[in-house]
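Coordinate analysis (summary)
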Amino acid sequence: MALWILLSGLAATLASGATLWWRHPRWSRPALLGLNRWAAGLRASQLTVAGHRLQLLGSRRYDADEAPVLLLHGLFAEKDHWVDFARALPGRRRLIVPDLPGFGQSERLESERYGYAEQLERLAALLDTLGIARAHLAGSSMGGALAALFAQRHPERVASLAFIGAPHGLRSSRPSPVDRLIDAGQVPLLARTAAEFDTLMQRLFARRPWLPYPVLQAARQEAIARAPSNLRLWHEHVADRYLLQQRLAGLRLPVLALWGRQDQVFDASGAALLKALLPQADVRLLEGIGHLPMMEAPADCARAYGEFLAGKG
């Protein structure tokens, strides 16, 4: 939080005063994000993968002798949700943090689908484009499921798997609040109004992180503007609601799972199922944490992940 406050002050100065800061968050947001990325040792770049223009963050300096780490965000999320986690991660591994095709600032095409089958092909193409034969994969929610499904399809390309937050695709023994809303025909992770966005924040976090006003306000505006298109992707996502449960058993690679005990999206009772499917997994329940632990407790999660990665090449 202290770093965000410092960056907020710096960006406010660069943005030429309070009027620009408060009335035009889209203008001051890039300066804030850029400063936070710089403090984490990350830089932004763009490349074309599988017919999509992709935006991604990558380490400015890293140890080329170690396998890189790919961090995958969740549904309607984005790459910058990993930046505080990346800053706290020990060591000098190469980090690759994309906006997945169809999400964040990466291109979304109305003619394309963005379910797991399509995204698996695009993830393989991303690694090929970057010249990466083998990587550690870590993901949040949808990103965790995508990482696991990729490991199941391409085990030779995955050095380890980590769920930083509960993965999508498991049927918890106790339905979560979001499960009950989905069963009732609602769309609880879509924000069509400012009020729905604020409710969504309450669902995602048990310990809501402080974010600078321009970052939060721009995220609210973008979520509302993209709601009609997001609804299409939501239906594709819900169609694979329990896909991971059907395919997870049998993975032999090292696995870490950090699951928030107060997760309202995927109930923590699902951690027992995850352990049953992957007996070798190190499954940890995080007290006082909700659905996005890499944002709620970035330092603690980064430390746990760094210890997990130690000695794994």
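Use the structure listed above.
Reference entry: report on the structure contained in this document. This one's a predicted model, so the numbers in the text were calculated from it and none came from an experiment.

What counts, and at which threshold
Residues numbered from 1 in each chain as written. Predicted model: local features only at pLDDT ≥ 70, side-chain atom pairs only at ≥ 80, totals over all residues. Heavy atoms only, no water. Helix = DSSP H or I, 4+ residues; strand = E, 2+ residues; numbered from the N terminus. Buried < 20%, exposed > 50% of the residue type's maximum accessible area, 1.4 Å probe, protein only. Contact = heavy atoms within 4.5 Å. Pairing = 2+ DSSP bridges. Axes fitted to C-alpha atoms, helices over the stretch in contact; angles between N-to-C directions. Core = buried A, V, L, I, M, F, W, Y, C linked by side-chain atoms within 4.5 Å. Salt bridge = Lys/Arg side-chain N within 4 Å of Asp/Glu carboxyl O. Phe/Tyr/Trp six-rings, centres within 6.5 Å; stacked < 30°, edge-to-face > 60°.

Turning to the environment of Ala88, a few remarks are in order. Structurally, the position occupied by Ala88 is in helix α4 (residues 83-88). Judged by relative accessible area, which is 32%, Ala88 ranks as partly exposed. Through-space distance from the C-alpha of Ala88 to that of Arg303 is 7.2 Å; in sequence the pair is 215 residues apart. Excluding anything up to four places from it in sequence, Ala88 contacts Pro298, Ala299 and Ala302.

Sheet architecture is open: eight strands sit in the order β1-β2-β4-β3-β5-β6-β7-β8, paired in mixed fashion. Because the sheet does not close on itself, it has two edges, and the strands there are β1 (42-49) and β8 (282-286). The sheet shows a mean angle of 20° between the axes of neighbouring strands, direction not considered. Looking at chain direction, β1 and strand β2 (residues 52-59) are connected through eight bridges and run antiparallel. Bridge pairing in β2 places Arg43 opposite Gly58. Contacts from helix α6 (residues 142-153) reach β3 (69-72), β5 (135-141) and β6 (158-167) within the one sheet, and its direction differs from that of β5 by about 140°.

Nonpolar side chains in soluble globular proteins generally cluster together in the buried interior. Within the largest apolar cluster, 92 residues are counted, with the highest numbers of intra-cluster contacts made by Phe85, Ile164, Leu248 and Tyr305. Counting residues per element, this core draws most heavily on α6, which supplies eight residues. The contacts of Phe85, once residues within four sequence positions are left out, are Leu71, Ile164, Met294, Pro298, Cys301, Ala302 and Tyr305.

Moving on: the pattern of salt bridges. Enumeration according to the criterion identifies 22 salt bridges in this entry. With its nearest N and O atoms 3.4 Å apart, the salt bridge here joins Arg53 to Glu107. Highlighted residues: Arg53 in strand β2 and Glu107 in the loop between β4 (95-98) and α5 (116-130), separated in sequence by 54 residues. Using a relative accessible area of 43% as the deciding quantity, one classes Arg53 as partly exposed.

Our focus in this paragraph is the environment of Leu274. For Leu274, the location among the structural elements is in helix α12 (residues 270-277). We classify Leu274 as buried; its relative accessible area is 0%. Remark: the alpha-carbon pair of Leu274 and Arg252, spanning 22 residues in sequence, is separated by 14 Å.

A separate point is the packing of aromatic side chains. On inspection of all chains with the given rule, the structure shows four aromatic pairs. Seen in terms of ring centroids, Trp82 and Phe85 are 5.4 Å apart; in terms of plane orientation they differ by 75°. Their pairing is edge-to-face. The class for Trp82 is buried, based on a relative accessible area of 0%. A relative accessible area of 0% places Phe85 in the buried class. Plain terms: the ring middles of Tyr305 and Phe308 are 6.1 Å apart, the flat faces sit at 20° to each other, and that makes the pair stacked. In this pair, Tyr305 and Phe308 are both assigned in helix α14 (residues 298-309), three residues apart and thus about one turn of the helix distant. Side by side, Tyr305 and Phe308 carry an identical accessibility label, which is buried. Among the aromatic residues, those joined into a cluster by ring pairs are Trp82, Phe85, Tyr305 and Phe308.

Coordinates in, geometry out; function isn't part of it.
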